[in-house]
Amino acid sequence: MLNNIGLPGLLLIAVVVLVLFGRGKISSLMGEVGKGITSFKKGVNEGKAELEDQATAAKDVTPESDKDKV
């Protein structure tokens, strides 16, 4: 269905959106989208760092009864 839009169709859609919402609304919306993408990337990077920290910190899982036998 959307395979044949092409450049003229995209330009027409952009003009209609601009007329309906106005330049101010669109710029503020794009600003919010940018903030959301930045926040998402920050969360992904923090998650990776947390997983790496957990992977490097090894826990001693020896049962308490076996620790005295060493």
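Our structure's up above, just so we're on the same page.
Note that the coordinates shown come from a computational prediction; the quantities given were computed from them, not determined experimentally.

Student: Break down the overall build of the protein for me, with residues and values.
Tutor: Counting its regular elements, the protein contains two helices and zero strands. Within the structure as shown, the protein displays about 6700 Å² of accessible surface, and the carbon and sulfur contribution to it stands at 64%.

Student: Report on a negative patch on the surface, specifying residues and quantitative values.
Tutor: A cluster of acidic residues, Glu 46, Glu 50, Glu 52 and Asp 53, forms a negative patch on the protein surface. Positionally, Asp 53 belongs in helix α1 (residues 6-56).

Student: Give me the pattern of salt bridges: which residues, what numbers.
Tutor: Applying the stated criterion across every chain yields a total of one salt bridge. With its nearest N and O atoms 3.9 Å apart, the salt bridge here joins Glu 32 to Lys 35. Of this pair, Glu 32 and Lys 35 both sit in helix α1, separated by three residues, roughly a single helical turn. By the burial criterion, Glu 32 is exposed, and Lys 35 matches it.

Student: Summarise a nonpolar patch on the surface; cite the residues concerned and give the values.
Tutor: A cluster of nonpolar side chains, Ile 5, Leu 10, Leu 12, Ile 13, Val 16, Val 17, Leu 20 and Phe 21, forms an exposed patch at the surface whose accessible area comes to about 750 Å². Take Leu 10: it is sitting in helix α1.

Student: Talk me through the environment of Thr 38; I want residue IDs and the actual numbers.
Tutor: As for its position among the elements, Thr 38 is in helix α1. For Thr 38, a relative accessible area of 52% corresponds to the exposed category. Reaching out from Thr 38, the side chain makes a polar contact with the backbone oxygen of Gly 34 at a distance of 2.9 Å.

Parameters and conventions
Residues numbered from 1 in each chain as written. Predicted model: local features only at pLDDT ≥ 70, side-chain atom pairs only at ≥ 80, totals over all residues. Heavy atoms only, no water. Helix = DSSP H or I, 4+ residues; strand = E, 2+ residues; numbered from the N terminus. Areas by Shrake-Rupley, 256 points an atom, 1.4 Å probe, with all protein chains shown as cover. Patch = residues over 30% accessible without salt bridge, like charges linked within 9 Å, V, L, I, M, F, W, Y side chains within 5 Å. Salt bridge = Lys/Arg side-chain N within 4 Å of Asp/Glu carboxyl O. Lys, Arg positive; Asp, Glu negative; His and termini not counted. Charge placed at Lys NZ, Arg CZ, Asp CG, Glu CD. Buried < 20%, exposed > 50% of the residue type's maximum accessible area, 1.4 Å probe, protein only. Polar contact = N/O pair within 3.5 Å; in protein donor to acceptor, adjacent residues only side chain to side chain.

These figures come from the coordinates and say nothing about function on their own.
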